[in-house]
Amino acid sequence: MAGQISISRRGFLASTMAGGLCLGLRIPVPGAAMAQEGAPTEVNAWVVIHPDDTVVIRVARVEMGQGTLTGLAQLVAEELDADWEKVRTEYPTPGESVARNRVWGPFGTYGSQGIRASQQYMREGGATARAMLLRAAADRWGVEPETLTVSRGVISGPDGQTLRYGELAADAAAVEVPSEVTLKDPSQWTIAGQPVKRIDTAPKLDGSQIYSLDHTMPGMLNAAIRQTPVPGGKVAGFDANAVRDMPGVREVVAVGEDAVAVVADTWWRAKTALEALPIEWNEGENADLSMDQIHAMLDEGLEAEEAFIGTSRGDFAAARAEAAQVVEAVYHFPYQHHATMEPMNATALWTPERCEVWTATQDAEAALAATATAADLPIEQCEVYRFTLGGGFGRRASSHDYVHQAVAIAKAMPGTPVKLIWSREEDMLHGCYHPITKAKMVGTLDADGNLTGMHMRISGQSIFAGLMPEALEEGLDPLAFQGLNAESDEGEFGYSVPNLLIDHAMRNPPVRPGFWRGVNNNQNAFYLESFMDELAHAAGRDPLEFRRSLLADHPRHRAVLDAVAEAIGWDSAAPEGVFRGICQHMGYGSYVAAAAEVSVDDQGQLTIHRIVAATDPGQVINPQQIEAQIEGSFAYGLSAALLSEITVSDGRIDQANFDTYPVVTMREMPEVESIVMPSGGFWGGVGEPTIFVAGPAVMNAIFAATGKRVRTLPLASTDLRTG
């Protein structure tokens, strides 16, 4: 068939990892001009127009609460000059994208890339569709496109005549695609840059939003799964006959070497039978793994002679030898879990000829590759249909294990759709956890209290080593140095320290790591910004003034810091009993800072009264979305800083539900004031950056209140009582 392509699973994964992109803007859609009356018309890959002027914008990135769907639609609608009230969105499938030479580009939504990594070609898609519509109108009227104007999806001619987009779409799809288009300057935006209502809000409020967990199909069965409780363990055996006669049970399936699933007519019956199923485990060599062993591994790394160097300038050893004062501290950031409200799930339908999956994923292309691998079918014979996510935070990008499992179960029941749902406990016990690390910080000061040198030794896990070792660079994990790079548009170390050494002693316990919202910026900002406070106090200098003196060469870093200092009233007295902390960081291309006001009573009870957060993401598409992301990131970040932790005993994760993995409640959540201050000229992320500064701002304020330096998170492990 014309237009078909052939691609291996390995080749497909390689191309998605490389971020390859074919825009497809110069390829007219075959037959588009012959669109049936009343049917929608695809003007190009991103824009579909209905006869009633409804504009459907196709978005390859996924919505999981961060506003990407709305933001990208705003950008396309802006360049298209569409009527925003008539804009809708839809997700193309990765199978469609493969068949069309990956016309929609990468499908991954992570690393705060949803908007910034696709804004250029999506804006071009909108501008191209607009130019084609104008050309079609000009041809009808026998005039030049330059004589026409357009507003809210209506084109006006030089003599006052008008045509709606819905009337022109079929003609527009048939015109020659322009080779170049000019994008609007942000100063001209009327849809983008505005706090328009989010597209996904109404269906979430009225309950009409369908998540992967809600998906149903005729004849669908349900599966519950239990996996080995110890990393690296395997199933030694199970007695399927013990549960085959239980109500609703249809099948008991071995899933790979490390899991067993029960399939039944309802999920509750599947789960009930699974709980009654006798399973014998071969727990393997990690059965005695403990936190003591993990900490010993990290402690050894802190003192190791060899480490991967991330940033180095000057001569730290010489600076230390000549220092008037040396300050040392060791910090620790624990394992964290994503704890999404929607646990992992997927529905699969397998036949020898085709496999289809319905699921929630942060990377539909990776889910498609997982489907093809598990189904043992070519990519072209597989498809993934995705839903808006009930939480992602990196978990649904770190691994598509649940997709593999759903397909494996469906293969045991050809032609029958099977929905696999992980229980909350299974979800907690088998995550891809934020990696555990420690850091030894050493700073040198001269006699005047100036910082002359710093050594930051990070010891701990590498996400790349655990998930995608092919991404390592001669053994080094560049991700370990997020926010600490000497020169980087993604995350630059902003302080001008003349003698600087930042290195990483990679130590990988057998607990599976993963991408967790903010990733390694979280601990790196906590380590660096807490230690900056320690250095300031050791030097007898104000923490704000100390930082500002080191940020002279990095004005954007300093601008967000100054903004929160002014908003919190740093130079004025705080209310009686209230103390302040401050910090800044750069990550995912954005500059962020935070200042916190806290109090601690005689019993060590912490109250966070107020947090002010500033973000410079370069460009702003929807200021309301950014404010919501800032507030949400503080809720997530404070949960980790104050309460949450994943630990291991006897090779098993200790936390199985929210009773042992608490999160910040609304009652505990402080007031958050957002300062959005785009300086232009670049595109930074907004979904993750402010999470970095939640912990250090509060911990620095706690030191101001109590004189106790919190170096180990979560705070719940520290006694703040005075006396």
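Computed from a predicted structure; not experimentally measured.

Caption draft 1: How the structure looks around the sheet that holds strand S23 (residues 590–600). Pairing is mixed in the open sheet, where four strands are placed in the order S22-S23-S24-S27. In this open sheet, the two strands that pair with only one neighbour each are strand S22 (579–587) and strand S27 (671–676). Across the sheet, the mean angle from the axis of one strand to that of its neighbour is 15 degrees, orientation sign disregarded. Note that strand S24 (residues 606–616) and S27 share six bridges and pair parallel. From the neighbouring strand, Arg 610 faces S27, where its bridge partner is Glu 671. Sheet contacts for helix H18 (residues 623–642): S23, S24 and S27; angle to S27, the most-contacted strand, approximately 130 degrees.

Caption draft 2: Summary view of the sheet that holds strand S6 (residues 154–156). Pairing within the open sheet is antiparallel, and its three strands lie in the order S5-S6-S7. Where the open sheet ends on each side, the last strands, each with one partner, are strand S5 (149–151) and strand S7 (162–164). Shown here is a sheet whose adjacent strand axes are inclined to one another by a mean of 25 degrees, direction ignored. Here S6 runs beside S7; their pairing, made up of three bridges, is antiparallel. Pairing of Ser 156 across the sheet is with Thr 162, part of S7. The sheet contacts of helix H4 (residues 119–141) involve S5, S6 and S7, and relative to S6 the element is tilted by about 45 degrees. Those strands touched by helix H5 (residues 165–174) are S5, S6 and S7, and its axis lies near 75 degrees from that of S7.

Caption draft 3: Seen up close, the pattern of salt bridges. Within the structure shown, the criterion is met by 43 salt bridges. Close ionic contact of Asp 200 with Lys 204 constitutes a salt bridge, the shortest N to O distance being 2.7 Å. Overall, Asp 200 belongs to the buried group, its relative accessible area being 2%. On the basis of relative accessibility, which here comes to 31%, the residue Lys 204 falls in the partly exposed class. Close ionic contact of Glu 597 with Arg 580 constitutes a salt bridge, the shortest N to O distance being 2.9 Å.

Caption draft 4: Structural detail: the pairing of strand S19 (residues 437–445). Most of S19 is tucked away: nine of the nine residues are buried. Where burial is concerned, the two faces of S19 agree: the one with Thr 437, Ala 439, Met 441, Gly 443 and Leu 445 and the one with Lys 438, Lys 440, Val 442 and Thr 444 are both buried. The pairing of strand S14 (residues 325–333) with S19 spans nine bridges and is antiparallel. Its bridge partner being in S19, Phe 333 is matched across the sheet by Thr 437. Taken together, the nine bridges between S19 and strand S20 (residues 451–460) define a ladder with antiparallel strand orientation. Bridging across to S20, Thr 437 finds its partner in Gly 460. Hairpin connection between S19 and S20: a loop of five residues separates the two successive antiparallel strands, and Gly 449 in this loop has a positive phi of roughly 80 degrees.

Caption draft 5: Geometry of helix H7 (residues 267–276). Among all positions of H7, only Ala 270, Lys 271, Ala 273 and Leu 274 are buried. Projection of H7 onto a plane perpendicular to its axis shows the buried side chains occupying an angular sector of 165 degrees, all on one side. In this structure, the buried side of H7 is in contact with strand S8 (221–227), strand S10 (249–255) and strand S11 (259–264).

Caption draft 6: View of the pairing of strand S17 (residues 382–386). Within S17, four of the five residues are buried, leaving the element largely enclosed by the surrounding structure. Regarding topology, helix H10 (residues 364–375) serves as the crossover connection from strand S16 (residues 355–359) to the parallel S17, and that connection is right-handed.

Caption draft 7: Local environment of the packing of H18 against helix H19 (residues 694–706). Relative orientation of the contacting elements H18 and H19 amounts to 55 degrees, with a least axis distance of 8 Å. By the criterion of interaxial angle, the relationship of H18 to H19 is oblique. Note on packing geometry: the crossing formed by H18 with H19 is right-handed. Residues Phe 634, Gly 637, Leu 638, Ala 641 and Leu 642 of H18 pack against Ala 694, Gly 695, Val 698 and Met 699 of H19. Looking at the contact of H18 with H19 residue by residue, the classes come out as seven nonpolar, two polar and no charged.

Here is what the cut-offs are and how they apply
Residues numbered from 1 in each chain as written. Predicted model: local features only at pLDDT ≥ 70, side-chain atom pairs only at ≥ 80, totals over all residues. Heavy atoms only, no water. Pairing = 2+ DSSP bridges. Helix = DSSP H or I, 4+ residues; strand = E, 2+ residues; numbered from the N terminus. Axes fitted to C-alpha atoms, helices over the stretch in contact; angles between N-to-C directions. Contact = heavy atoms within 4.5 Å. Salt bridge = Lys/Arg side-chain N within 4 Å of Asp/Glu carboxyl O. Buried < 20%, exposed > 50% of the residue type's maximum accessible area, 1.4 Å probe, protein only. Arc of directions from axis to C-beta. Right-handed = clockwise from strand over helix to strand, strands pointing away. Parallel < 35°, antiparallel > 145°, perpendicular 65-115°, else oblique. Left-handed = near helix turned anticlockwise from the far one by under 90°. Nonpolar A, V, L, I, M, F, W, Y, C, P; charged D, E, K, R; others polar.

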